[in-house]
Amino acid sequence: MSDVRPLAREEIPEIAELYRFVDNSDWRIPPAELPAWLERTLFEDPWADPEIPTLVHVDGSGEITGFIASHVRRMRFDQSTIRLAAGGPLIVHPRDRARAVGPRLWRQYLAGPQQLTTTDGASDEMRQIFELIGGQMLHPSSMAWARVFRPFSFVGNRLLHFRPRAKALGARVWPALDSLAAKTGKYFCAPHRSGTSTELLTPGLVLEHLPVVTRSLRLFPAYDEEYLDWLFAELHHNRTWGEPVQRLVRDVNGRVLGWYVYFLLPGHGCQVVHVAARDRHAGDVLDALFGDAVEHGGAGVQGRVEPRLLGALAERGSLFRFSARSLVHSRDPELLAVLAAGQALLTRLEGDWWMAT
(Lines give C-alpha, C1' and ligand atoms only; values in the text may rest on other atoms or scores of the structure.)
Protein backbone atom coordinates (compact mmCIF):
# COMPACT_ATOMS: atom_id res chain seq x y z
CA MET A 1 0.00 0.00 0.00
CA SER A 2 1.32 3.46 -0.88
CA ASP A 3 1.96 6.16 1.70
CA VAL A 4 2.71 9.90 1.98
CA ARG A 5 5.13 10.80 4.76
CA PRO A 6 7.94 13.24 5.65
CA LEU A 7 11.27 12.95 3.85
CA ALA A 8 14.11 11.52 5.94
CA ARG A 9 17.50 13.16 5.53
CA GLU A 10 19.17 9.90 4.52
CA GLU A 11 16.72 9.64 1.59
CA ILE A 12 18.16 12.70 -0.19
CA PRO A 13 20.18 10.59 -2.71
CA GLU A 14 16.98 8.75 -3.70
CA ILE A 15 14.93 11.90 -4.32
CA ALA A 16 17.91 13.46 -6.13
CA GLU A 17 17.90 10.51 -8.52
CA LEU A 18 14.14 10.88 -9.04
CA TYR A 19 14.53 14.64 -9.62
CA ARG A 20 17.14 14.07 -12.34
CA PHE A 21 15.07 11.34 -13.98
CA VAL A 22 11.89 13.44 -14.15
CA ASP A 23 13.38 16.89 -14.82
CA ASN A 24 16.56 16.70 -16.85
CA SER A 25 16.40 20.15 -18.44
CA ASP A 26 19.72 21.65 -19.38
CA TRP A 27 19.46 24.55 -16.95
CA ARG A 28 19.07 22.45 -13.82
CA ILE A 29 21.70 21.51 -11.25
CA PRO A 30 24.61 19.28 -12.38
CA PRO A 31 23.92 15.73 -11.12
CA ALA A 32 26.87 15.69 -8.73
CA GLU A 33 25.66 18.88 -7.01
CA LEU A 34 21.98 18.02 -6.68
CA PRO A 35 22.16 16.13 -3.33
CA ALA A 36 24.11 19.00 -1.72
CA TRP A 37 21.56 21.53 -3.02
CA LEU A 38 18.69 19.50 -1.58
CA GLU A 39 20.55 19.18 1.74
CA ARG A 40 21.13 22.94 1.96
CA THR A 41 17.63 24.04 0.96
CA LEU A 42 15.55 21.38 2.72
CA PHE A 43 17.47 20.77 5.95
CA GLU A 44 20.09 23.51 6.49
CA ASP A 45 17.75 26.47 6.05
CA PRO A 46 17.59 28.09 9.55
CA TRP A 47 13.81 28.26 9.25
CA ALA A 48 13.37 24.60 8.21
CA ASP A 49 10.41 23.36 10.23
CA PRO A 50 9.86 19.69 11.16
CA GLU A 51 6.13 20.40 11.48
CA ILE A 52 5.99 21.41 7.79
CA PRO A 53 8.40 18.94 6.17
CA THR A 54 9.16 17.97 2.60
CA LEU A 55 6.77 15.11 1.78
CA VAL A 56 7.43 11.97 -0.21
CA HIS A 57 5.14 9.41 -1.80
CA VAL A 58 6.24 5.82 -1.27
CA ASP A 59 4.69 3.05 -3.36
CA GLY A 60 3.84 -0.48 -2.19
CA SER A 61 7.38 -1.71 -2.87
CA GLY A 62 8.95 1.02 -0.71
CA GLU A 63 10.22 3.11 -3.63
CA ILE A 64 9.88 6.91 -3.50
CA THR A 65 7.89 7.88 -6.59
CA GLY A 66 7.11 11.50 -5.80
CA PHE A 67 7.93 14.40 -3.50
CA ILE A 68 7.02 18.01 -2.81
CA ALA A 69 9.78 20.20 -1.38
CA SER A 70 8.95 22.46 1.57
CA HIS A 71 10.49 25.87 2.26
CA VAL A 72 9.15 27.57 5.39
CA ARG A 73 9.26 31.35 5.83
CA ARG A 74 8.31 33.46 8.82
CA MET A 75 6.02 36.40 8.19
CA ARG A 76 4.72 39.22 10.34
CA PHE A 77 0.93 39.54 10.12
CA ASP A 78 -0.25 42.56 12.13
CA GLN A 79 1.04 41.77 15.65
CA SER A 80 1.66 38.04 15.12
CA THR A 81 4.38 35.94 13.54
CA ILE A 82 2.97 33.31 11.20
CA ARG A 83 4.44 30.56 9.04
CA LEU A 84 4.35 30.65 5.26
CA ALA A 85 5.04 27.39 3.44
CA ALA A 86 6.43 27.68 -0.09
CA GLY A 87 5.86 24.34 -1.78
CA GLY A 88 7.91 23.20 -4.75
CA PRO A 89 9.16 21.66 -6.82
CA LEU A 90 6.58 18.89 -7.13
CA ILE A 91 8.22 15.84 -8.72
CA VAL A 92 6.27 12.68 -9.63
CA HIS A 93 7.52 9.61 -11.49
CA PRO A 94 5.71 9.42 -14.88
CA ARG A 95 4.29 5.98 -14.15
CA ASP A 96 2.51 7.28 -11.02
CA ARG A 97 0.97 10.44 -12.46
CA ALA A 98 -2.26 8.65 -13.33
CA ARG A 99 -2.56 7.54 -9.69
CA ALA A 100 -3.15 11.09 -8.38
CA VAL A 101 0.19 11.18 -6.53
CA GLY A 102 0.51 14.94 -7.15
CA PRO A 103 -2.89 15.77 -5.64
CA ARG A 104 -2.19 13.47 -2.66
CA LEU A 105 1.08 15.26 -1.93
CA TRP A 106 -0.47 18.71 -2.27
CA ARG A 107 -3.52 17.79 -0.19
CA GLN A 108 -1.39 16.60 2.73
CA TYR A 109 0.97 19.56 2.40
CA LEU A 110 -1.88 22.08 2.52
CA ALA A 111 -3.25 20.33 5.63
CA GLY A 112 -0.14 21.34 7.59
CA PRO A 113 -0.10 23.90 10.42
CA GLN A 114 1.07 26.83 8.25
CA GLN A 115 -1.28 29.82 7.98
CA LEU A 116 -0.35 30.53 4.33
CA THR A 117 0.91 28.34 1.48
CA THR A 118 2.32 29.60 -1.82
CA THR A 119 4.08 28.40 -4.91
CA ASP A 120 5.40 30.67 -7.64
CA GLY A 121 6.78 28.23 -10.17
CA ALA A 122 3.60 26.33 -10.96
CA SER A 123 3.12 24.41 -14.19
CA ASP A 124 -0.35 24.20 -15.76
CA GLU A 125 -0.70 20.71 -14.27
CA MET A 126 0.24 21.95 -10.78
CA ARG A 127 -2.16 24.89 -11.06
CA GLN A 128 -5.04 22.55 -11.89
CA ILE A 129 -4.19 20.30 -8.94
CA PHE A 130 -3.82 23.27 -6.59
CA GLU A 131 -7.15 24.82 -7.57
CA LEU A 132 -9.00 21.50 -7.29
CA ILE A 133 -8.01 21.21 -3.62
CA GLY A 134 -8.89 24.74 -2.57
CA GLY A 135 -6.02 26.95 -3.73
CA GLN A 136 -6.28 29.97 -6.02
CA MET A 137 -4.19 32.21 -8.24
CA LEU A 138 -2.49 35.11 -6.51
CA HIS A 139 -3.69 38.32 -8.17
CA PRO A 140 -2.17 40.48 -9.60
CA SER A 141 1.00 38.43 -9.14
CA SER A 142 -0.24 36.06 -11.82
CA MET A 143 1.04 38.69 -14.24
CA ALA A 144 4.62 38.91 -15.45
CA TRP A 145 6.24 42.18 -16.52
CA ALA A 146 9.24 43.16 -18.63
CA ARG A 147 10.99 46.45 -19.38
CA VAL A 148 13.20 46.08 -22.46
CA PHE A 149 16.24 48.30 -23.15
CA ARG A 150 18.23 46.25 -25.69
CA PRO A 151 15.45 44.76 -27.85
CA PHE A 152 17.54 42.72 -30.31
CA SER A 153 19.60 41.09 -27.57
CA PHE A 154 16.52 40.51 -25.40
CA VAL A 155 14.46 38.82 -28.12
CA GLY A 156 17.36 37.15 -29.94
CA ASN A 157 18.80 35.44 -26.88
CA ARG A 158 15.35 34.12 -25.93
CA LEU A 159 14.56 32.78 -29.40
CA LEU A 160 17.97 31.16 -29.87
CA HIS A 161 18.37 29.79 -26.33
CA PHE A 162 18.63 26.20 -27.58
CA ARG A 163 20.71 27.07 -30.66
CA PRO A 164 24.10 28.08 -29.26
CA ARG A 165 25.89 28.48 -32.60
CA ALA A 166 23.23 30.80 -34.01
CA LYS A 167 23.09 32.64 -30.67
CA ALA A 168 26.86 33.25 -30.73
CA LEU A 169 26.62 34.59 -34.28
CA GLY A 170 23.73 36.87 -33.40
CA ALA A 171 25.58 38.22 -30.36
CA ARG A 172 28.07 39.86 -32.75
CA VAL A 173 25.31 41.79 -34.50
CA TRP A 174 22.80 42.63 -31.80
CA PRO A 175 24.84 45.27 -29.91
CA ALA A 176 24.99 47.50 -33.00
CA LEU A 177 21.27 47.07 -33.61
CA ASP A 178 20.51 47.77 -29.94
CA SER A 179 22.57 50.95 -30.12
CA LEU A 180 20.64 52.07 -33.18
CA ALA A 181 17.34 51.36 -31.41
CA ALA A 182 18.40 53.52 -28.45
CA LYS A 183 19.26 56.41 -30.78
CA THR A 184 16.01 56.26 -32.73
CA GLY A 185 13.56 55.71 -29.88
CA LYS A 186 13.45 57.21 -26.39
CA TYR A 187 11.76 54.08 -25.07
CA PHE A 188 15.00 52.09 -25.25
CA CYS A 189 17.17 54.73 -23.53
CA ALA A 190 18.54 53.98 -20.07
CA PRO A 191 16.31 55.44 -17.31
CA HIS A 192 17.09 58.56 -15.33
CA ARG A 193 18.01 57.66 -11.74
CA SER A 194 16.62 60.84 -10.10
CA GLY A 195 19.80 61.56 -8.14
CA THR A 196 19.74 58.35 -6.15
CA SER A 197 22.79 56.38 -5.10
CA THR A 198 23.17 52.70 -4.26
CA GLU A 199 25.33 50.55 -2.03
CA LEU A 200 25.67 46.87 -1.21
CA LEU A 201 22.63 45.53 0.60
CA THR A 202 23.59 43.51 3.68
CA PRO A 203 21.51 41.55 6.20
CA GLY A 204 22.17 44.28 8.76
CA LEU A 205 20.82 47.00 6.47
CA VAL A 206 17.69 44.96 5.70
CA LEU A 207 16.96 44.51 9.39
CA GLU A 208 17.66 48.18 10.14
CA HIS A 209 15.38 49.60 7.47
CA LEU A 210 12.65 46.95 7.12
CA PRO A 211 10.35 48.75 9.63
CA VAL A 212 10.45 51.89 7.45
CA VAL A 213 9.59 50.24 4.13
CA THR A 214 6.85 48.09 5.67
CA ARG A 215 5.30 50.78 7.87
CA SER A 216 1.95 50.78 6.05
CA LEU A 217 1.80 47.02 5.44
CA ARG A 218 0.05 44.26 7.37
CA LEU A 219 2.03 41.28 6.07
CA PHE A 220 5.79 41.15 5.47
CA PRO A 221 8.82 38.91 6.15
CA ALA A 222 9.92 38.51 9.79
CA TYR A 223 13.60 38.34 8.89
CA ASP A 224 16.39 37.66 11.36
CA GLU A 225 20.16 37.85 10.79
CA GLU A 226 20.78 34.09 10.73
CA TYR A 227 18.17 33.52 8.06
CA LEU A 228 19.33 36.47 5.92
CA ASP A 229 22.95 35.25 6.07
CA TRP A 230 21.78 31.85 4.78
CA LEU A 231 19.49 33.45 2.18
CA PHE A 232 22.14 35.75 0.68
CA ALA A 233 24.65 32.90 0.57
CA GLU A 234 22.12 30.66 -1.20
CA LEU A 235 21.43 33.35 -3.80
CA HIS A 236 25.08 33.08 -4.82
CA HIS A 237 24.78 29.33 -5.37
CA ASN A 238 22.29 30.01 -8.16
CA ARG A 239 23.65 29.72 -11.70
CA THR A 240 20.42 29.50 -13.67
CA TRP A 241 19.52 33.18 -13.70
CA GLY A 242 22.93 34.88 -13.45
CA GLU A 243 24.85 36.82 -10.81
CA PRO A 244 22.79 38.09 -7.83
CA VAL A 245 22.81 41.86 -7.32
CA GLN A 246 21.67 43.28 -3.96
CA ARG A 247 21.58 47.07 -3.62
CA LEU A 248 20.24 49.58 -1.10
CA VAL A 249 18.89 52.83 -2.62
CA ARG A 250 19.35 56.28 -1.01
CA ASP A 251 18.17 59.73 -2.12
CA VAL A 252 20.42 62.79 -2.46
CA ASN A 253 20.16 63.42 1.29
CA GLY A 254 21.20 59.88 2.20
CA ARG A 255 17.71 58.77 3.21
CA VAL A 256 16.98 55.10 2.48
CA LEU A 257 14.22 54.72 -0.13
CA GLY A 258 14.31 50.94 -0.40
CA TRP A 259 16.30 48.16 -2.03
CA TYR A 260 16.27 45.58 -4.79
CA VAL A 261 17.57 42.09 -5.50
CA TYR A 262 17.87 40.74 -9.03
CA PHE A 263 19.91 38.31 -11.12
CA LEU A 264 22.17 39.94 -13.70
CA LEU A 265 22.67 38.06 -16.95
CA PRO A 266 24.36 40.35 -19.54
CA GLY A 267 22.64 40.32 -22.90
CA HIS A 268 19.47 38.79 -21.45
CA GLY A 269 16.45 39.82 -19.42
CA CYS A 270 17.51 40.20 -15.79
CA GLN A 271 15.17 38.47 -13.35
CA VAL A 272 13.94 40.51 -10.36
CA VAL A 273 13.26 38.56 -7.16
CA HIS A 274 12.66 41.31 -4.60
CA VAL A 275 11.88 45.04 -4.48
CA ALA A 276 11.06 46.87 -1.26
CA ALA A 277 10.35 50.60 -1.17
CA ARG A 278 9.01 53.34 1.06
CA ASP A 279 5.52 54.54 0.30
CA ARG A 280 5.50 56.68 -2.88
CA HIS A 281 9.11 55.77 -3.74
CA ALA A 282 8.67 52.55 -5.71
CA GLY A 283 9.45 54.44 -8.92
CA ASP A 284 12.77 55.75 -7.58
CA VAL A 285 13.84 52.25 -6.56
CA LEU A 286 12.81 50.80 -9.92
CA ASP A 287 14.73 53.53 -11.78
CA ALA A 288 17.85 52.66 -9.78
CA LEU A 289 17.35 48.96 -10.53
CA PHE A 290 16.82 49.56 -14.27
CA GLY A 291 19.84 51.84 -14.47
CA ASP A 292 22.05 49.31 -12.70
CA ALA A 293 20.94 46.47 -14.97
CA VAL A 294 21.50 48.49 -18.17
CA GLU A 295 24.88 49.76 -16.97
CA HIS A 296 26.07 46.18 -16.41
CA GLY A 297 24.89 44.84 -19.75
CA GLY A 298 21.35 43.61 -19.11
CA ALA A 299 19.10 43.61 -22.17
CA GLY A 300 16.02 44.19 -20.05
CA VAL A 301 14.50 43.61 -16.65
CA GLN A 302 11.62 41.27 -15.90
CA GLY A 303 9.76 39.92 -12.92
CA ARG A 304 6.45 39.12 -11.26
CA VAL A 305 3.92 41.88 -10.67
CA GLU A 306 3.65 43.00 -7.06
CA PRO A 307 0.63 45.22 -6.27
CA ARG A 308 2.72 48.05 -4.81
CA LEU A 309 4.87 48.19 -7.97
CA LEU A 310 2.13 47.97 -10.59
CA GLY A 311 1.57 51.71 -11.09
CA ALA A 312 5.28 52.55 -11.22
CA LEU A 313 5.93 49.71 -13.68
CA ALA A 314 3.12 50.88 -15.97
CA GLU A 315 4.37 54.48 -15.89
CA ARG A 316 7.80 53.26 -17.02
CA GLY A 317 6.54 51.49 -20.10
CA SER A 318 6.66 47.92 -18.83
CA LEU A 319 5.02 45.17 -20.87
CA PHE A 320 2.64 42.78 -19.09
CA ARG A 321 1.43 39.27 -19.82
CA PHE A 322 -0.65 36.70 -18.00
CA SER A 323 1.41 34.00 -16.24
CA ALA A 324 -0.62 31.75 -13.94
CA ARG A 325 2.35 30.55 -11.89
CA SER A 326 1.69 32.23 -8.54
CA LEU A 327 -0.71 30.26 -6.37
CA VAL A 328 -1.85 30.76 -2.79
CA HIS A 329 -3.87 28.87 -0.18
CA SER A 330 -5.04 29.88 3.28
CA ARG A 331 -7.84 28.96 5.64
CA ASP A 332 -7.83 32.57 6.89
CA PRO A 333 -9.95 34.83 4.62
CA GLU A 334 -8.41 37.94 6.20
CA LEU A 335 -4.94 36.88 5.06
CA LEU A 336 -6.21 36.38 1.52
CA ALA A 337 -7.89 39.80 1.65
CA VAL A 338 -4.62 41.45 2.71
CA LEU A 339 -2.86 39.87 -0.26
CA ALA A 340 -5.58 40.97 -2.67
CA ALA A 341 -5.53 44.52 -1.29
CA GLY A 342 -1.78 44.93 -1.84
CA GLN A 343 -1.04 45.32 1.87
CA ALA A 344 1.76 42.76 1.81
CA LEU A 345 5.42 42.50 0.93
CA LEU A 346 5.40 39.01 -0.53
CA THR A 347 7.91 38.69 -3.36
CA ARG A 348 9.64 35.90 -5.28
CA LEU A 349 12.33 35.93 -2.59
CA GLU A 350 9.85 34.37 -0.14
CA GLY A 351 8.88 31.68 -2.65
CA ASP A 352 10.56 28.73 -4.33
CA TRP A 353 11.02 30.01 -7.92
CA TRP A 354 14.51 31.49 -7.53
CA MET A 355 15.96 28.42 -5.81
CA ALA A 356 16.41 26.32 -8.97
CA THR A 357 20.12 26.50 -9.75
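Structure report, in brief. Throughout this document, residue positions are counted from 1 along each chain, in the order its sequence is written. Reporting of local features is limited, given that this is a predicted model, to residues whose pLDDT is at least 70; pairs of side-chain atoms are given and counted only at 80 or more, and all residues count toward the totals for whole chains, interfaces and linings. With hydrogens and water stripped out, all remaining heavy atoms of the structure feed into the side-chain values.

Among the residues of helix 1 (residues 12-22), those classed as buried are I12, I15, A16, L18 and Y19. Each buried residue of helix 1 lies within a common arc of 160 degrees when the element is viewed along its axis, so the set occupies one face. Looking at helix 1, the residues exposed on the side facing more than 90 degrees away from the buried face are P13, E17 and F21. Note on contacts: a residue pair qualifies if any of its non-hydrogen atoms lie within 4.5 Å across the two residues. Labels follow the DSSP assignment, with helices taken as runs of H or I lasting at least four residues and strands as runs of E lasting at least two, numbered in each case from the N terminus. Buried positions along helix 1 lie against helix 2 (34-42), strand 2 (55-58), strand 3 (64-77) and strand 4 (80-92). Note on classification: 1.4 Å probe, protein chains only; a residue is buried when its accessible area is under 20% of the maximum for its type, exposed when over 50%, partly exposed between these limits. Summarising the geometry, the arc corresponds to the directions from the helix axis toward the C-beta atoms.

Salt bridges are defined as contacts in which a side-chain nitrogen from Lys or Arg sits within 4 Å of a carboxyl oxygen from Asp or Glu. In total, this model carries 20 salt bridges according to the counting rule given. Across the pair D78 and R218 runs a salt bridge, and its minimum N-O distance is 2.7 Å. Of this pair, D78 sits in the loop between strand 3 and strand 4 while R218 sits in the loop between helix 7 (203-213) and strand 9 (219-221), placing them 140 residues apart in sequence. Salt-bridge contacts for R250 lead to E199; the nearest nitrogen and oxygen are separated by 2.6 Å. With R250 in strand 10 (residues 243-250) and E199 in strand 8 (residues 197-200), this residue pair connects regions lying 51 residues apart in the sequence. Via salt bridges that share partners, R9, E39 and E44 belong to a single interconnected network.

This brings us to the packing of helix 3 (residues 101-110) against helix 4 (residues 124-132). To obtain each axis, a line is fitted to C-alpha atoms, and for helices this fit is confined to the stretch in contact; angles are then taken between N-to-C directions over 0 to 180 degrees. Two elements in contact, helix 3 and helix 4, have axes whose closest approach is 10 Å; the angle formed by their N-to-C orientations is 50 degrees. Here helix 3 is positioned oblique relative to helix 4, judged by the angle of their axes. Considering only the axes of helix 3 and helix 4, their crossing is right-handed. Along its contact with helix 3, which presents G102, P103, W106 and L110, the element helix 4 presents M126, I129 and F130. The residue makeup of the contact of helix 3 with helix 4, split by class, is 6 nonpolar, 1 polar and no charged. Should an angle lie under 35 degrees it is considered roughly parallel, over 145 roughly antiparallel, and from 65 to 115 roughly perpendicular; all remaining angles are considered oblique. Each crossing gets its handedness from the near helix: less than a right angle anticlockwise from the far helix is left-handed, clockwise is right-handed. Each residue receives one of three labels: charged for Asp, Glu, Lys and Arg, nonpolar for Ala, Val, Leu, Ile, Met, Phe, Trp, Tyr, Cys and Pro, and polar for the others, Gly being one of them.

All right, on to unusual backbone geometry then. Following G88, the chain continues to P89 via a peptide bond in cis, the omega torsion being 5 degrees. Within the secondary structure, P89 is located in strand 4. Phi angles above zero are rare outside glycine, and A100 is one such case at about 60 degrees. Within the fold, A100 resides in the loop between strand 4 and helix 3. Positioned with a positive phi, R280 is a non-glycine residue whose angle comes to about 70 degrees. As for its position among the elements, R280 is in the loop between strand 12 (269-277) and helix 9 (282-295).

Restricting attention to buried positions, one finds in helix 11 (residues 333-340) the residues L335, L336, V338 and L339. Looking down the long axis of helix 11, one finds its buried residues gathered within 155 degrees of arc, a one-sided arrangement. Turned more than 90 degrees away from the buried face of helix 11 sit P333 and A340, all of them exposed. Next to the buried residues of helix 11 lie strand 3, strand 4, strand 5 (116-119), strand 6 (136-137), strand 9 and strand 15 (327-329). Two N or O atoms form a polar contact when they lie within 3.5 Å of each other; inside protein one atom must be a possible hydrogen donor and the other a possible acceptor, and for residues adjacent in sequence the pair counts only when both atoms belong to side chains. Capping the start of helix 11 is the job of one residue whose side-chain oxygen sits 2.9 Å from the backbone nitrogen of E334: D332. Count one or two residues on from helix 11 and you reach G342, which has phi positive near 75 degrees.

Two aromatic rings, drawn from Phe, Tyr or Trp (for Trp, its six-membered ring), form a pair once their centres lie within 6.5 Å of each other, and the interplanar angle then sorts them: stacked below 30 degrees, edge-to-face above 60, tilted otherwise. Within the structure shown, the criterion is met by 11 aromatic pairs. Their ring planes at 85 degrees and their centres at 6.0 Å tell us that Y19 and W37 sit as a pair that is edge-to-face. Of this pair, Y19 sits in helix 1 while W37 sits in helix 2, placing them 18 residues apart in sequence. The class for W37 is buried, based on a relative accessible area of 3%. A ring pair is formed by Y227 and W230, whose centres lie 5.7 Å apart and whose planes are at 35 degrees; its orientation type is tilted. Placement of both Y227 and W230 in helix 8 (residues 225-235) is noted, with a separation of 3 residues, approximately one turn of the helix. Residue classification places Y227 among the buried residues on the basis of a relative accessible area of 0%. On the basis of relative accessible area, W230 is assigned to the buried category, the value being 12%. One aromatic cluster is present, built from ring pairs that chain together W47, Y223, Y227 and W230. Geometrically, a charge over a ring is one whose NZ (Lys) or CZ (Arg) sits within 6 Å of the ring centre while staying within 35 degrees of the ring normal. Cation over ring: R147 sits above Y187, and NZ or CZ is 3.8 Å from the ring centre.

Here we come to the sheet that holds strand 12. Pairs of strands are assigned from DSSP output, requiring at least two bridges between the strands. Spatial ordering of the open sheet is given by 8-10-11-12-13-7-14, a layout of 7 strands whose pairing is mixed. Among the strands making up the open sheet, the edge pair consists of strand 8 and strand 14 (319-322). Neighbour-to-neighbour, the strand axes of this sheet turn through a mean angle of 30 degrees, independent of strand direction. When strand 11 (residues 256-264) meets strand 12, the two strands line up antiparallel, connected through 6 bridges. What sits directly across from Y262, in strand 12, is V272.

Function cannot be read off these values alone, since they describe shape.
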